[in-house]
Structures are given as structure tokens and as C-alpha cells.
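Coordinate inspection notes
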Amino acid sequence: MGPLGLPELIFILVLALLIFGPRRLPQVGRTLGKAMGEFRRATSELTRTLNAEVALEEERPRRPAPAPTPGGAATPSAAATPREESPPSPATPEAGDGEEGEPQPADRGDAEAGD
């Protein structure tokens, strides 16, 4: 679809004259002209803003992202030092049927008696 030729423009102007009439046609023309001018100003302002943002982004120094370390460690020093594990706590179940660290019936009774 190419640009409008002379016959198309004449047809549009005659149609506008028939629809709006000779009194309102100048007012419609002014309104359309103002709307087109405002659209052009808004478009140029948006273009300037985008160009300024791109220029600022290009000027900003870029820091390279830290490379991931093997083994998923956060820092190299944490990967190099071995973890110290606490020695397992000695479990002496009195009844022999409880799990390690669970209070035994005798333990619960002693705690209640002390209150």
C-alpha cells in the first residue's frame, strides 16, 4: 500500500466536506493538526528519553559476574577449609529401647520431681 495520490486526497476532502459541512471543516482541520503535532512531540520526546537511557547504560561500567566455584561453595576459603564436625554425644539409654537424645521415662520423672 503506497502513499495517497491526488485522486485519493480529493476524494477524502470531498467526503469530509459532505460529513462535517463547510462551517465545521476548518475546526476539524485545526483539531487534527493539533493532534498530529502533539503526537509528533510525544514521539520525539520518547525517542530522546530512550536514547538517553541507552547512552547512560553504555557509560555505566560493567562488573563481571562472579564465576561459580566448583563444588557449589560460596567462597574459595570455605571450600579449602575442612569442616570441623562435633563429636557424637555419648548416649546412655537407661531403658535401652529409646532413641539417642530422647528423654527416657526415668528422666521425665526426675524433671517433674525437681519442680
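The shown structure was predicted, so the numbers you read here are calculated from the model rather than taken from an experiment. (Residues numbered from 1 in each chain as written. Predicted model: local features only at pLDDT ≥ 70, side-chain atom pairs only at ≥ 80, totals over all residues. Heavy atoms only, no water.)

A word on the overall build of the protein chain. Of the regular secondary structure elements, the protein chain holds three helices and zero strands. Secondary structure elements in the protein chain, listed N-terminal to C-terminal, are α-α-α. Counting every position in the protein chain, which comprises 115 residues, the buried fraction comes to 3%. When the accessible area of the protein chain is evaluated, it comes to approximately 11,100 Å², of which 61% is carbon and sulfur surface. (Helix = DSSP H or I, 4+ residues; strand = E, 2+ residues; numbered from the N terminus. Buried < 20%, exposed > 50% of the residue type's maximum accessible area, 1.4 Å probe, protein only. Areas by Shrake-Rupley, 256 points an atom, 1.4 Å probe, with all protein chains shown as cover.)

Following the criterion strictly, the structure yields one salt bridge and no others. In this structure, Glu38 engages Arg41 in a salt bridge whose closest nitrogen and oxygen atoms are separated by 3.1 Å. Of the two residues, Glu38 and Arg41 are both situated in helix H1 (residues 6–59); the distance of three residues between them amounts to about one turn of the helix. The class for Arg41 is exposed, based on a relative accessible area of 51%. (Salt bridge = Lys/Arg side-chain N within 4 Å of Asp/Glu carboxyl O.)

What follows is about H1. The end-to-end C-alpha distance of H1 is 49 Å, clearly below the 80 Å that 54 residues give at a rise of 1.5 Å each. Residue Gly21 marks the point of greatest curvature in H1, where the axis turns by about 105°; the proline Pro22 follows within four residues. Within the span of H1, buried status applies to Ala16, Gly21 and Val28. (Expected span 1.5 Å × (residues − 1). Bend = angle between axes of the 7 residues up to and from the residue.)

Within this model, the largest pocket holds a volume of roughly 160 Å³. In terms of residue class, the lining of the largest pocket is made up of seven nonpolar, one polar and no charged. (1 Å grid on protein atoms, 1.4 Å probe; cavity = no way out; pocket = protein on both sides within 12 Å on 5 of 7 lines; lining within 4 Å. Points joined across faces, edges and corners; volume = space filled by probe spheres on them. Nonpolar A, V, L, I, M, F, W, Y, C, P; charged D, E, K, R; others polar.)

This next bit is on a nonpolar patch on the surface. Together, Leu4, Leu9, Phe11, Ile12, Leu15, Ile19 and Phe20 give the surface a local cluster of nonpolar side chains, amounting to about 690 Å² of exposed area. Relative to the elements of secondary structure, Ile12 occurs in helix H1. (Patch = residues over 30% accessible without salt bridge, like charges linked within 9 Å, V, L, I, M, F, W, Y side chains within 5 Å.)

Moving on, we come to the confidence of the model for the protein chain. The pLDDT averaged across the protein chain works out to 75; a share of 57% of its residues lies at or above 70. Within the protein chain, no element has a lower average pLDDT than helix H2 (residues 76–80), which sits at 52, and none a higher one than H1, at 93. (pLDDT = per-residue confidence, 0-100.)

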